[in-house]
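Per-entry structural report
As a plain string of letters, each chain reads:
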Amino acid sequence: MGKDLLGYRGAKTTFLLVAVCTLAQSMAILLQAKWLAETVSALFAGASLQEQGGTIALFLLAFLLRHGVGAIQQGIAQRFAEQTGTSLRKELLGVLFRRGPALIRKEGTGNVVTLVLEGIGKFRKYAELTIPRMMGAGITPALVWLYVFMTDRISGIILLVTMPILIAFLILVGLAARKQTERQLDSYRMLSNHFVDSLRGLMTLKFLGQSRKHSGSIRQVSEDYRKATMRTLRVAFLSSFALDFFTMLSVASVAVNLGLRLINGSIELLPALLVLILAPEYFLPVRMVGADFHATLDGKQAGEAMQSIIRASRAEETGKPEAAETARNAGAVGFGEAAVAHAATTDRAVTVGTPLSAPILKIKDNSTYRESSRPVFRWDDCSMLELSGVGLRHEEHGPASLQDVSFRIPCKGRIGIVGESGAGKSSLIDLLGGFAAPTAGEIKLNGVKLEEGNRKAWRSGVTYMLQHPYLFSSTLEDNVRFYAPDASDADVRAAVEAAGLIDLVRKLPNGLHEMIGAGGRALSGGQAQRVALARALLGGRQVLLLDEPTAHLDIETEYELKETMLSLFRDKWVFLATHRLHWMRDMDVIIVLHRGRVAETGTHEELMQLKGVYYGLITSQMEGVG
Amino acid sequence: MKQESWFRPYVTANFWRFLLIAMLGVLTVLFACMLMFTSGYLISKSALRPENILMVYVPTVGVRTFGIGRAVLHYAERLVGHDTILRILSRMRLRLYRILEPQALRLTSRYRTGDLLGVLSDDIEYLQDVYIRTVFPSFVALVLYAGVIAAAGRFDPGFALLLALYVAVLVFVLPLISLLLTKRKNREMKQARNRLYQKLTDAVLGMHEWYVSGRQQQFLTGYEEDEAEVDRTDRALKRWARLRGFIGQTVVAVTVVTVVYVAGKEYAGGSLDVTLIAAMVLAVFPLMDAFLPVSEAVERIPLYGQSVQRLKAIGHGEGSATTGYPEQLSLSRGEVDAVIRSGAHIKLEAVSFQYDANGTDAAHSAHSPAAPSPDAAEAAYSTTAHSPDPADAAYQPEAADTAYQPEATDAAHSARWAGATASGCLDKGTHALRDISLDVPAGAKVAVIGRSGAGKSTLLQLIQGVLTPSSGTVTISGTDAARFGDDISSVISVLNQSPHLFDTTLANNIRLGRPDATEEDIRQAAAMAQLTTLVDSLPDGLHTRMQEAGQRFSGGERQRVALARILLQKSPVVILDEPTVGLDPRTERELLSTIFSSLQDRTLIWVTHHLVGVEQMDEILFLEQGKVVMRGTHDELMERYPRYRGLYRLDRPGA
């Protein structure tokens, strides 16, 4: 534990400084004990208080030194934790924004947000606590023991023997507790989820007329949960009990042993007192490690989860998919799993993939990030888009989403993409948008091949409209300006008007400055699509990609939106993937996909005459429901 | 109405347990003190070289007893403490459920509600911390404080006064200063973290747009600036915590020196036995350890505020009428059964409905704490349907009292809360139904179509009796719909866009439709919902747990499970509330065909966004801004309205 921290920048200095502090602290502990023992034994021997003034002052000094140095040490560790956390977050966010939607789709939105916000906090706590704790446990007991041993051999031996017993029991109890929790993990998860599950399903329960009766089940499950938890806690708390028990027992043994030898006269009061004061200090650092163990474990895991994402992405970017896969698997510890499952996966992962020291803060000189944005790709009226033998596999050995897709679009137009669910429509849109790289074949515009180096330039020519366009939590105007922050007010107005939003804007109390998105004014699905449309228009990009823009809307809204959209499609390159085949009459070319391959291409009329796949799609939608 | 607190009743109810915990806590500290005290006494006494070893027999035994006793007491204290917390947790859960249950249908409909309720349940989990980290340590410290001062007072009043002063610094002064100093910063930090959460969530959800725009660096720079701001505050808080720790230790040092001084003086004065000097000095350290954590405990108090406030807000309806309709007017079971036997003839006569300015309906303005109109919620749903779901804050037994990090998770909660209670749609107050009449005899099939905000959800809620009309009447077989109260579920069942599948087996999920259904009934219902192939493909068939199966279930399959439930429910009326949104055309058709064939002898009220399948309806209603703008059978509409023909063509692309 703690070794993985060594890879971060500034870690070695921090370790060194903390070690120096710990050393100073340990010395202060010894001196504090010495001077206190001297004072007390002098008083015992009948010395006056005045005579002891000096020693008391020294004790005070040593005591304050101990805690003062402790505070400084915490400060050093905190600073390191903060900086390391920050650079880890920067790197993670860098990867996130470089890889974009693909990474988020893979990791899940909630997971990503939790990782960045809470994971960094946990990781910092881990870094902040671990270094002083490890140093403390490594240095202080050794020094204290040496001093005790030199003062009194027998006590030294008692302490020496107790420590391994203590640690052995700690581990044994810890293992037993983990076994116990692992056995119950499933029923735990179920019991603890039951309440949230019930609340989330409250409406459904109400519809089913079961909601009243269900409160009985909540009471029952809560009780079961309590009992199950207590069963586990009884074992889990045993580890700190073992710590307590052996520490206290050891201190008591030392005391009793000292007492007996004092009676024999084989030892003086001063060393006896000194040993007695130092005995608890000997165990203290180990007990602190025990107390913070779980908090730090959480943070360690968060750190590993983040590192594995960063490593996997880096490997993917440098074009080594296998390395990426290994890195991913090695670090595939689901972040945020129950702490009970943590221990099993602690000490793996770190050694796989690129060394940790390299990555931090290298974002700036990463060439793919700062590629030039020369207009490599020009989407003119008569540009030629050519796909030859294009294939796409999302996973190395998984099924292909697209296979051997070849077609040419010789000039600007509206291109429809249709096919059954899973035929590869969205994959094709992803490729055309430059969000994914084809795993076979090539995409060319005017003879220039789309490749890793110019993918960003490609993307800067396209706009993408999703089924659920995302509205940022900001003003309506900012949302429209998203692609063109510097657009003039008149342009914004024009775009808003063209997208058919003007009626809405008039009704809004703050007009264009109304807050929308999460926490703001709620817009209907149709209105949201119009905002996305205005955004795309203002962006002025030549290519418009649409993935199922209207299927979720009610039919009247769809009808109106279609009219607006068609009028705006005229001077753009449009790629529209949809199940809603009514769009196809307005397309210049239709690409029909079937199981990842291009089945046929042509206009609506041509394809209807062909009586192939497209004809089949149309006729199945013509049948009544029965 | 008087509002019960989320804190006091639980203390009262568990009074004896709390006392036990406090006693165990105090005893743990006392035993630790006594261990050092008797040790000091033992070696001092031994140093006097008593002739007989039996002279130190008692302290020898005492040392061992106190040593072992402390460990045992501490273990017991933690166990009893957690047991009590879990008991309180279970009562709070039950209470929250009982508060929410009657308002379930009135809370905004659909997805966001689930999110909102999730936040509340997390809030309750939070409140455990109040006890473990604040109440227990503070209480133990106070009891010890009183005890120690009283004991010292018998020994030397002057010393007692001094000690009282020192400990007061640790127990009262330092915590108070800490609270005052950090309150503002803590609040600032919490708000800043909420903003960060929203900002990042916003960016991640809108990643496509950032990615395409090429403006990523701009976001990152801005975001890091905000993070740096939070870090500055955090650093200041931590600096104070370190300083506070040091001040606390200084007080400990001064106390130790005072004890040395007093002991020396008393011994010199002959009023203290020589053997007690070391004993007293050594006992001071473990004693003071009990007072040091109070500052941190008190500093946490403001952190709980938000959770308590949210729970209070939702609890406003507590104790008031549960159905929103006078109790004496509700129906007897027999009357409900009569309605069911009659087939439930639904009739709306000249119904109008208006929401008041606050977004609640005039008839029940007291009952919906955070509920804009249902149609507003529907609009909110369609645009912001993807909310991130931070990892479940499952109870983690081993880490229960060490690994809880309320700050960051709390930010997530607040942000989710804000998202879930997003302000309503436009036209609030005009979102109403105007003069709607509708006659749905037993077995009839009616489709309702309209834009979001046209009043569809309001219409459904009126039929279910959740809302009462501002004018006109809604009756089911001649009885006011609102009078059915909770019994409405035996008359009307609902299949909506996102039916909840519970984390239990598939069979149990279906059984929810009728708890006394036999295995055979369930199998039949599943077969009618055409789930048989799916069930056969599952590892444990009907007894596969949803958690495992959930991932494999597609949207259409989930709807079929919900349909099987409704088939068991056997209510005469079924409301279909856009059950096919988000499904591809083929799945949509197949699901509709299963629904129509399995429900053919029941009354159907079907809100739909497409026109697929409307040919089979007895009547189609087009709502626009609360009014009916077109109605009739499919053939009539085709003949009469060019607009309808235009719309219909969208669903029949080949025509």
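Rules and cut-offs
Residues numbered from 1 in each chain as written. Chains lettered and ligands numbered in written order. Predicted model: local features only at pLDDT ≥ 70, side-chain atom pairs only at ≥ 80, totals over all residues. Heavy atoms only, no water. UniProt positions renumbered as here; feature names shortened; annotations may be inferred. Helix = DSSP H or I, 4+ residues; strand = E, 2+ residues; numbered from the N terminus. Buried < 20%, exposed > 50% of the residue type's maximum accessible area, 1.4 Å probe, protein only. Contact = heavy atoms within 4.5 Å. Areas by Shrake-Rupley, 256 points an atom, 1.4 Å probe, with all protein chains shown as cover. Pairing = 2+ DSSP bridges. Axes fitted to C-alpha atoms, helices over the stretch in contact; angles between N-to-C directions. Buried area = accessible area lost by both parts, 1.4 Å probe. Salt bridge = Lys/Arg side-chain N within 4 Å of Asp/Glu carboxyl O. Polar contact = N/O pair within 3.5 Å; in protein donor to acceptor, adjacent residues only side chain to side chain. Nonpolar A, V, L, I, M, F, W, Y, C, P; charged D, E, K, R; others polar. Patch = residues over 30% accessible without salt bridge, like charges linked within 9 Å, V, L, I, M, F, W, Y side chains within 5 Å.

In the nomenclature of an unreviewed UniProt entry, chain B is known as ATP-binding cassette subfamily C protein CydC of Paenibacillus lactis.

Looking at an unreviewed UniProt entry, one finds chain A named ATP-binding cassette subfamily C protein CydD, with Paenibacillus lactis as its source organism. Checking UniProt for chain A, the heading Subcellular location (unreviewed entry) contains the comment "Cell membrane".

1. Brief notes about the overall build of chain B
The number of helices and strands found in chain B is 23 helices and 10 strands. Per-residue burial for chain B yields a buried fraction of 60% across its 655 residues. The contacts in chain B between residues at least 6 apart in sequence include a share of 80% that link residues at least 24 apart. For chain B, the computed accessible surface area is about 25,200 Å², with 56% contributed by carbon and sulfur atoms.

2. Quick word on the environment of B:Leu501
Note that B:Leu501 resides in the loop between strand E6 (492–495) and helix H16 (506–511). Sequence separation between B:Leu501 and B:Gln559 is 58 residues; the distance between their C-alpha atoms is 9.6 Å. Excluding anything up to four places from it in sequence, B:Leu501 contacts A:Asp197, B:Asn509, B:Met546, B:Phe553, B:Arg558, B:Val561 and B:Arg565.

3. Notes on the pairing of strand E9 (residues 619–624) of chain B
Residue and element names in this part refer to chain B. In terms of residue burial, E9 counts as a mostly covered element, since 5 of its 6 residues are buried. Bridge count between E9 and strand E10 (residues 627–632): 5 bridges; the pairing is antiparallel. Its bridge partner being in E10, Leu621 is matched across the sheet by Arg631. Between the end of E9 and the start of E10, which pair antiparallel, lie 2 residues, with Gln625 showing a positive phi angle near 45 degrees.

4. Examining the sheet that holds strand E1 (residues 346–353) of chain B
Residue and element names in this part refer to chain B. Reading across from one edge, E2-E1-E4-E5 is the order of the 4 strands in this open sheet, with antiparallel pairing throughout. On the outer flanks of this sheet lie strand E2 (433–440) and strand E5 (479–480), each paired with one strand and no other. Pairing geometry for strand E4 (residues 471–476) and E5, over 2 bridges, is antiparallel. For Thr475, the partnering residue across the bridge sits in E5 and is Asp480. Here helix H14 (residues 456–463) sits on the sheet in contact with E1, E2 and E4, set at roughly 125 degrees to E1.

5. A few points about the interface of chain A and chain B
Counting residues at the interface gives 181 residues for chain A, matched by 180 residues for chain B. Of the roughly 16,300 Å² buried between chain A and chain B, counting both surfaces, carbon and sulfur atoms make up 65%. On the chain A side of the interface with chain B, the three residues burying the most area are A:Phe97, A:Phe207 and A:Val625, jointly 5% of the side's total. Linking chain A to chain B there are 16 salt bridges. The residue B:Glu209 makes a salt bridge to A:Arg535 at a minimum N-O spacing of 3.0 Å. Scanning the region where chain A abuts chain B turns up 45 residue pairs in polar contact (both at pLDDT 80 or more). No other element matches helix H2 (residues 49–99) of chain A, which puts 23 residues into the side of chain A that touches chain B. Each residue belonging to the side of chain A that touches chain B can be placed in one class, and the counts come to 88 nonpolar, 52 polar and 41 charged.

6. What about the UniProt feature "domain: ABC transmembrane type-1" (unreviewed entry) in chain A?
UniProt marks residues 16–298 of chain A with the feature "domain: ABC transmembrane type-1" (unreviewed entry), using the numbering shown here. This span, residues 16–298 of chain A, is 94% helix and 0% strand, and a straight line between its end C-alpha atoms measures 25 Å.

7. Topic: the sheet that holds strand E1 (residues 385–393) of chain A
All names here are of chain A. A sheet is described by the order of its strands in space; here 4 strands give the open sequence E2-E1-E4-E5, paired in antiparallel fashion. Sheet topology places strand E2 (400–409) and strand E5 (448–449) at the edges, where each strand pairs with a single neighbour. Note: strand E4 (residues 440–445) against E5, 2 bridges, orientation antiparallel. If you follow Leu445 over to E5, its bridge partner there is Val448.

8. Overview of a nonpolar patch on the surface
Together, A:Leu260, B:Ile53, B:Leu54, B:Tyr57, B:Val58 and B:Val61 line one region of the surface with nonpolar side chains, adding up to about 580 Å² of accessible area. The element contributing the most residues to the nonpolar patch is helix H3 (residues 57–103) of chain B, with 3 residues. For B:Tyr57, the location among the structural elements is in helix H3.

9. Considerations on the pattern of salt bridges
Across all of its chains, the model carries 55 salt bridges over all chains by this definition. Residues A:Glu128 and B:Lys238 are paired through a salt bridge, measuring 3.3 Å at the closest nitrogen-oxygen approach. With A:Glu128 in helix H4 (residues 109–151) and B:Lys238 in helix H7 (residues 216–268), this pair bridges two chains. Notably, a salt bridge pairs A:Glu442 with A:Lys449, separated by 3.7 Å at the nearest N-O pair. The class of A:Glu442 is partly exposed, set by a relative accessible area of 24%.

10. Let's talk about the environment of A:Val235
All names here are of chain A. Mapped onto the fold, Val235 is located in helix H7 (residues 211–236). Taking the C-alpha atoms as reference points, Val235 and Thr181, 54 residues apart in sequence, are found 9.2 Å from one another. Beyond its immediate sequence surroundings of up to four residues, Val235 is in contact with Val173, Ala176, Ala177 and Gln180.

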